[in-house]
Amino acid sequence: MSALILFEIKKFFAKKKNIIGIILFLIVNIFYIICCFRNENIINNMKLQACYHEIEMQKNTLNQAKADFDTASKNNNIKLMESISKSIKSIEQKIALSEQRKNALEQNDWRLLLETEIQSDKIRLEGIENGTIISELEPKDLKYKIEKNQYLLEKNIKPSNELVSTNALYFVKNFFNDIVPIILIVFILYFSADIVSCETDNERVKLLITQPVSRNKIIISKIISCFIVCLLIIGIIFGIEFLCLGFLSGFGSSNYPVYFDTKNFSILNSSGSNIKIINIMTFNVLLLLLFLLLLITVISIGVLLSTVFGKSRKAILFSTGGFLVFYYMCEKINLFKYIAEYNPITYFNIPKILDGTTASFYKNFNITALNGIIILIFITIISIVLSIELFKKKDFI
């Protein structure tokens, strides 16, 4: 078996199509990193501009409130004057906090920035609970944010622009988020979808099946070799990127706080998410372990499609194109939202599964890491069994 696996690995790197795929994958990764650096600078500038605009709006509101107070004073309306006076004090407090925030952003003083954000969020939370402020954020989300910022301040950890962070440890989390895992899966399918059909393209399969090796071992060796190769390619490229970003932007703190849904490993959930803060190192370890399972699942599907189709081109087009169409139907149209917990596509964005975002989006709290593990293992087993049975029944002579 080991000799067969080694032979398959050598064949993989002998294919021009696979070398082109590796180069394209590397280019996509470099482009993604460049976009992260660019977006990080844009977000920093946007935060400062938003702060200037907020202060200007607050000052206009303050001037209007003072004008209303003068009008109420002329009319000797004591109750209205008391109400406006409270509003003026509240607006002045907000302006002072906004000025502090502006100074913190201009001077890159992240500790002061955290302190002002905590104070602002506490005021906003109090206003929401009192019914005096309307906010797009739920009270629980504000509480999570306050808790996280307090943790950063207490542990003396500099906050990151989390969605586009080029900090090495946070990059690991972002790399498997949003569109990147979809591109990753397309490349994995591209590599695995012709691993069987290529043998029939050049009729090597006739020689292969005459060897003293069972057809079961042929399929298993192809899956294992493809897993090793994909893991090697992703590991080397990702490892180099991680080290480069670490030296350019810093590796970051292993204690950086991230949200984690503690119900991820519960069997049945119906009462909602239970979010707590864990460190990013623990989060990334869980993420990478789940990715290994996702990797073997996608490869198993690719090998199954490669076994079904007799030609490599058909297998590659159907697997990559079919996946993108199915992904669009699931994620963009929400065609299967009522059975999302049973849909493997739901579990492809691992960070959003771990932090409870996907479960909240679908309002289905059975969408957990544990459920995803069960679904992916089931699909992997079915794909491998079908690949073996189909390969056994094919007549290549």
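Residues numbered from 1 in each chain as written. Predicted model: local features only at pLDDT ≥ 70, side-chain atom pairs only at ≥ 80, totals over all residues. Heavy atoms only, no water.

**As for the packing of helix 11 (residues 280-308) against helix 15 (residues 369-393)**
Okay, step 1: Contact pair helix 11 / helix 15: the axes reach a minimum separation of 8 Å and the direction vectors enclose 25 degrees. Overall, the two elements helix 11 and helix 15 adopt an arrangement that is roughly parallel. The element helix 11 and its partner helix 15 pack so that their crossing is left-handed. Contacts between helix 11 and helix 15 involve Leu290, Leu293, Leu294, Ile296, Thr297, Ser300, Ile301, Val303, Leu304, Thr307 and Val308 from the first element and Ala369, Ile373, Leu376, Ile377, Ile379, Thr380, Ser383, Ile384, Leu386, Ser387, Leu390 and Phe391 from the second.
Okay, step 2: Class assignment for the residues of the contact of helix 11 with helix 15 results in 17 nonpolar, six polar and no charged. (Axes fitted to C-alpha atoms, helices over the stretch in contact; angles between N-to-C directions. Helix = DSSP H or I, 4+ residues; strand = E, 2+ residues; numbered from the N terminus. Parallel < 35°, antiparallel > 145°, perpendicular 65-115°, else oblique. Left-handed = near helix turned anticlockwise from the far one by under 90°. Contact = heavy atoms within 4.5 Å. Nonpolar A, V, L, I, M, F, W, Y, C, P; charged D, E, K, R; others polar.)

**A short note on the environment of Val308**
Okay, step 1: Residue position: Val308 is located in helix 11.
Okay, step 2: In sequence terms Val308 and Leu286 are 22 residues apart; their C-alpha atoms lie 34 Å from each other.

**Section: empty space enclosed by the protein**
Okay, step 1: According to the stated counting rule, one finds seven cavities of 30 Å³ or more in the structure shown.
Okay, step 2: The volume enclosed by the largest cavity comes to roughly 80 Å³.
Okay, step 3: Around the largest cavity sit Leu290, Leu293, Tyr347, Ile350, Ile353, Thr368, Ala369, Gly372, Ile373 and Leu376, which together line it.
Okay, step 4: Listed by contribution, the elements that provide at least two residues to the lining of the largest cavity are helix 11, helix 13 (350-354) and helix 15.
Okay, step 5: No other element matches helix 15, which puts four residues into the lining of the largest cavity.
Okay, step 6: Among the residues making up the lining of the largest cavity, the classes are represented as eight nonpolar, two polar and no charged. (1 Å grid on protein atoms, 1.4 Å probe; cavity = no way out; pocket = protein on both sides within 12 Å on 5 of 7 lines; lining within 4 Å. Points joined across faces, edges and corners; volume = space filled by probe spheres on them.)

**Things to note about the pattern of salt bridges**
Okay, step 1: Summed over the entire model, instances satisfying the criterion amount to seven salt bridges.
Okay, step 2: Glu99 is the partner of Lys102 in a salt bridge, and the nearest nitrogen-oxygen pair spans 3.4 Å. A residue pair is termed a helical-turn pair when its members lie 3 or 4 positions apart in one helix, as Lys102 and Glu99 do in helix 3 (residues 78-107) at three residues.
Okay, step 3: One salt bridge connects Arg124 with Asp121, and the closest N-O pair in it is separated by 3.9 Å. Within this pair, Arg124 and its partner Asp121 are both found in helix 4 (residues 110-130), separated by three residues, close to a single helical turn.
Okay, step 4: Since its relative accessible area comes to 28%, Arg124 is described here as partly exposed.
Okay, step 5: According to the relative accessible area criterion, Asp121 is buried, its value standing at 2%.
Okay, step 6: Counted as one network, the salt bridges with shared partners bring together Lys15, Lys17 and Asp194. (Salt bridge = Lys/Arg side-chain N within 4 Å of Asp/Glu carboxyl O. Buried < 20%, exposed > 50% of the residue type's maximum accessible area, 1.4 Å probe, protein only.)

**Comments concerning helix 10 (residues 215-249)**
Okay, step 1: For helix 10, spanning 35 residues, the distance from its first C-alpha to its last is 50 Å, which sits close to the expected 51 Å at 1.5 Å a residue.
Okay, step 2: In the stretch just after helix 10, Gly250 is the one whose phi turns positive, near 95 degrees. (Expected span 1.5 Å × (residues − 1).)

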